[in-house]
Amino acid sequence: MTHHLPIRRDGHRPLLLDAFCCQGGAAAGYVTAGFDVIGVDINPQPRYPYRFVQADAVAFIREHGAAFDFIHASPPCQHDSECQRLRGNTHPDLIAPTRTALESTGRPWVVENVAGAVPKLHTPVMLCGEMLGIETYRHRYFETSIHWTLTQPEHPAHVAPQAKMGRPIPPGHYGQFVGNFSGVDHARRVMGVPWMNRDGIRECIPPAYTQHIGKAYLTQTRVEGAA
Ligand SMILES: C[S@@+](CC[C@H](N)C(=O)[O-])C[C@H]1O[C@@H](n2cnc3c(N)ncnc32)[C@H](O)[C@@H]1O
């Protein structure tokens, strides 16, 4: 299928494809780091704050990925999350098809996923909220393309106790923000995603993570470009 889209550049900022974008947690961090973004999701995403295309992300990457400066992909994690495994999940595993599509573009990329998917990721870097000043642990794993290197920051000890899943968060505790968690306003503040609802928050990468990744990539390419 051919998508008729606005893959145009609004300025001099590098253009990033945010594949499997949901409500735009990853996107917001990349925008802060210095990218323009276009998000793609198979479902409508009226809360996505940037340019958006409704499409299958794997097909979209194959067809249009080469037009972007950088591609981020967050294939659905339900296939690998513990709660879904217990329920017997029927979600497709899109990590391998996504990687194949990304490699076909020749562009630099990063694929993100959850702990359950680590065996399918190639030497991923783990990010934790505690590394980036966020009061939740939410470990996420990032595989990078051969074009660049992401270094894992030092991982501070988890000192704050975690509130029980689905329960209000007592003072001094960190929330987990999964499933039908309570305290959406608190989660919005902690994660830095004031435009999201509960569905978006439980799926999202905190923008601080992708701000870190985007800055690391831009710093590296600018230094290499200047050499
Ligand atoms: C884990 S969420 C992404 C979270 C996002 N990176 C963020 O930080 O907010 C995965 C998203 O993939 C979407 N999705 C599932 N299958 C898809 C497909 N084949 N093509 C595009 N999007 C898809 C889902 O609708 C969901 O919004």
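Conventions adopted
- Residues numbered from 1 in each chain as written.
- Predicted model: local features only at pLDDT ≥ 70, side-chain atom pairs only at ≥ 80, totals over all residues.
- Heavy atoms only, no water.
- 1 Å grid on protein atoms, 1.4 Å probe; cavity = no way out; pocket = protein on both sides within 12 Å on 5 of 7 lines; lining within 4 Å.
- Points joined across faces, edges and corners; volume = space filled by probe spheres on them.
- Nonpolar A, V, L, I, M, F, W, Y, C, P; charged D, E, K, R; others polar.
- Salt bridge = Lys/Arg side-chain N within 4 Å of Asp/Glu carboxyl O.
- Helix = DSSP H or I, 4+ residues; strand = E, 2+ residues; numbered from the N terminus.
- Buried < 20%, exposed > 50% of the residue type's maximum accessible area, 1.4 Å probe, protein only.
- Phe/Tyr/Trp six-rings, centres within 6.5 Å; stacked < 30°, edge-to-face > 60°.
- Lys NZ or Arg CZ within 6 Å of the ring centre and 35° of its normal.

## What about empty space enclosed by the protein?
Then, number 1: Counted by the stated rule, this structure contains one cavity of 30 Å³ or more.
Then, number 2: In this model, the largest cavity occupies a volume close to 70 Å³.
Then, number 3: Lining the largest cavity we find Ala-163, Lys-164, Met-165, Gly-166, Arg-167, Ile-169, Gly-175, Gln-176, Phe-177, Val-178, Phe-181 and Ser-182.
Then, number 4: Of the residues assigned to the lining of the largest cavity, the class counts are six nonpolar, four polar and two charged.

## Examining the pattern of salt bridges
Then, number 1: Throughout the structure, instances matching the rule amount to six salt bridges.
Then, number 2: Of the charged contacts in the structure, one is a salt bridge between Lys-120 and Asp-93, with a shortest N-O distance of 2.8 Å. With Lys-120 in the loop between strand S5 (109-113) and strand S6 (125-127) and Asp-93 in the loop between helix H3 (82-87) and helix H4 (95-105), the pair connects residues that are 27 residues apart, well separated along the chain.
Then, number 3: Take Lys-120: its relative accessible area is 27%, and that puts it in the partly exposed class.

## A short note on the packing of aromatic side chains
Then, number 1: On inspection of all chains with the given rule, the structure shows twelve aromatic pairs.
Then, number 2: Between the aromatic rings of Phe-60 and Phe-68, the centroid separation amounts to 6.5 Å while the plane-to-plane angle is 55 degrees, which identifies the pairing as tilted.
Then, number 3: Relative to Trp-148, the ring of Phe-70 lies with its centre 5.7 Å away and its plane at 65 degrees, an arrangement referred to as edge-to-face. One end of the pair, Phe-70, is in strand S4 (residues 70-73); the other, Trp-148, is in the loop between strand S7 (140-144) and helix H5 (184-191), and 78 residues separate them in sequence.
Then, number 4: For Phe-70, a relative accessible area of 0% gives the class buried.
Then, number 5: Three or more aromatic residues joined by ring pairs form one cluster here, namely Tyr-30, Phe-35, Phe-70, Trp-148 and Tyr-217.
Then, number 6: Note that Arg-198 overlies the ring of Phe-181, its terminal NZ or CZ placed 5.5 Å from the centroid.

## Examining the layout of surface pockets
Then, number 1: Counted as a void, the second largest pocket has a volume near 680 Å³.
Then, number 2: As for the second largest pocket, its lining consists of 36 residues, of which Phe-20, Cys-22, Asp-41, Pro-76 and Glu-203 are closest to the centre.
Then, number 3: Elements that contribute at least two residues to the lining of the second largest pocket include exactly helix H1 (25-33), strand S2 (36-41), S5 and helix H6 (198-203).
Then, number 4: A total of four residues in the lining of the second largest pocket trace back to one element, the largest contributor, which is H6.
Then, number 5: Residue composition of the lining of the second largest pocket, grouped by class: 17 nonpolar, eleven polar and eight charged.

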